[in-house]
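Chain and residue survey
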Amino acid sequence: MAQLTSFQLILPSQLNSSLGIGTVLHQDNWQRSVADFGLISGIAALCSAVAFPVAGALSDRTTSRFGRRRPWIVAGSLVFSAALAVLATQHTTTGIALCWSMAMIGFSIACASLTAMIGDQVPTSQRGVVSSWISAPQAFGIILGIGLIAALALGTTRSYLLVAALLVACVAPFVLSTPDPQVSSPRRASQTLRHLLVVHDFRWTLIGRVLVNLGNALGTSLALYYLQFGLEVTDPDTALLTLTGGYTICVVVASILSGWLSDRFRARKPFVMIAALLQTISAIVILATGSVWGATIASAITGAGFGSFMSIDQALAADVLPDGEHNARELGVMNIAMALPQALGPLVGAWVIELGGGFAGLYILAAGFATLGGLSVMKVKTVR
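As the structure is a prediction and not an experimental result, all values here were calculated from the model.

Here we look at the overall build of the protein chain
Regarding its fold elements, the protein chain presents 14 helices and zero strands. For the protein chain, the sequential pattern of α-helices and β-strands runs α-α-α-α-α-α-α-α-α-α-α-α-α-α. Looking at the protein chain residue by residue over its 384 residues, the buried ones come to 56%. Pairs at least 24 residues apart make up 84% of the contacts formed inside the protein chain by residues separated by at least 6 positions. Carbon together with sulfur atoms contributes 68% to the accessible area of the protein chain, which is approximately 15,400 Å² in total.

Quick look at the structure:
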């Protein structure tokens, strides 16, 4: 909720406000906002690329009596929340970039340990179902965040403060109630990060995750700009809420169903390919219709594809880990392949639009990346 609501709604609105941009504006003005959004996302992506594996490696070697994952989840969440609160006071592109980068560092620290708990505590036969239940709340989070902001008519400052407070409130029950056994003497990693990338299945899973996530980011991260300036919707916030609602329902249903079916049939790869193809179909729908209702249908199809991918891909990542004792470090590398494309999506999208491809070029590129990602996962050998 804190990450996706801020990224898809509050941050773009804050940049528009800092540039004095309204709902009706000249072409050059909104392209400047898209370019700034892409640049800020790119800087934050580099921060996440460092924070994920570093935090994961430190988590693996933590011997605290509070557990090896819990301290990092708490620390990352507090950094994330504090950065959002400070971000609420910023009015310059530089200040926004610095605070958003710090927010993403906190997000990466927390997520590195959260995702590692799948490998720590969940047997292989149940990872599809568990991963789906971890993926589904992402959709609930963004619809809850956007819904609250729209219903309460909050401005940028109060929106950031709301999601920062809810972040702490939602993380607290998890860290207070979830078991996290202490590790007395963690074993040293048997492979370096460089060697991990040589492992065939690990490498292709990583490549597939990068490509599918980049395709999804291109298709969703600039949705507010598409509604506001591509379709010239008079109330883009409400339209975004409608799109997000359809996206949410399909993410949740597809995620849970795909996770259960993959465990039942003991297969991961076919579901990843279907997910990639659904994202391609979504791009075709949005290009063929060029309307709000078409965008709504396309968003629902994207949600179904990405929900299927997220549940299966998280289980697939845990299945191909070469070193079970260092889940956070290895999944930290995998999480870069999720966070980095999501953050770089707006930057790549801004380049496409700036070079004259417009929103049509954006969605064609999104479909291409998603399809290539599905094909990449097909090359994994040890998992069906």
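Regarding the nonpolar core
Formed by 69 residues in total, the largest nonpolar core has its most connected members in Phe-80, Leu-84, Trp-100 and Phe-359. Element by element, the count of residues in this core is highest for helix H4 (residues 93–121), at eleven residues. Look past the residues within four positions of Phe-80 in its chain and what remains in contact with it is Ala-2, Gln-3, Ala-103, Met-104, Gly-106, Phe-107 and Leu-167. The next biggest cluster of nonpolar side chains, apart from the first, holds 19 residues, and it includes Ala-139, Phe-306, Met-338 and Val-383.

Some details on the pattern of salt bridges
Two side chains carrying opposite charge are able to pair once their charged atoms lie near each other. Enumeration over the complete set of coordinates arrives at one salt bridge. A salt bridge links Asp-60 to Arg-69; the nearest nitrogen and oxygen atoms lie 2.9 Å apart. Each member of the pair, Asp-60 together with Arg-69, is buried.

With respect to helix H1 (residues 2–18)
In this model, H1 (17 residues) spans only 21 Å end to end at C-alpha, well below the 24 Å of a helix rising 1.5 Å per residue. At Ile-10, H1 shows its strongest bend, of approximately 35°, with the proline Pro-12 following within four residues. For H1, the buried fraction is high: 14 of the 17 residues fall into the buried class. One or two steps after H1, the chain reaches Gly-20, where phi turns positive at roughly 70°.

So, how was this worked out
Residues numbered from 1 in each chain as written. Predicted model: local features only at pLDDT ≥ 70, side-chain atom pairs only at ≥ 80, totals over all residues. Heavy atoms only, no water. Helix = DSSP H or I, 4+ residues; strand = E, 2+ residues; numbered from the N terminus. Buried < 20%, exposed > 50% of the residue type's maximum accessible area, 1.4 Å probe, protein only. Contact = heavy atoms within 4.5 Å. Areas by Shrake-Rupley, 256 points an atom, 1.4 Å probe, with all protein chains shown as cover. Core = buried A, V, L, I, M, F, W, Y, C linked by side-chain atoms within 4.5 Å. Salt bridge = Lys/Arg side-chain N within 4 Å of Asp/Glu carboxyl O. Expected span 1.5 Å × (residues − 1). Bend = angle between axes of the 7 residues up to and from the residue.

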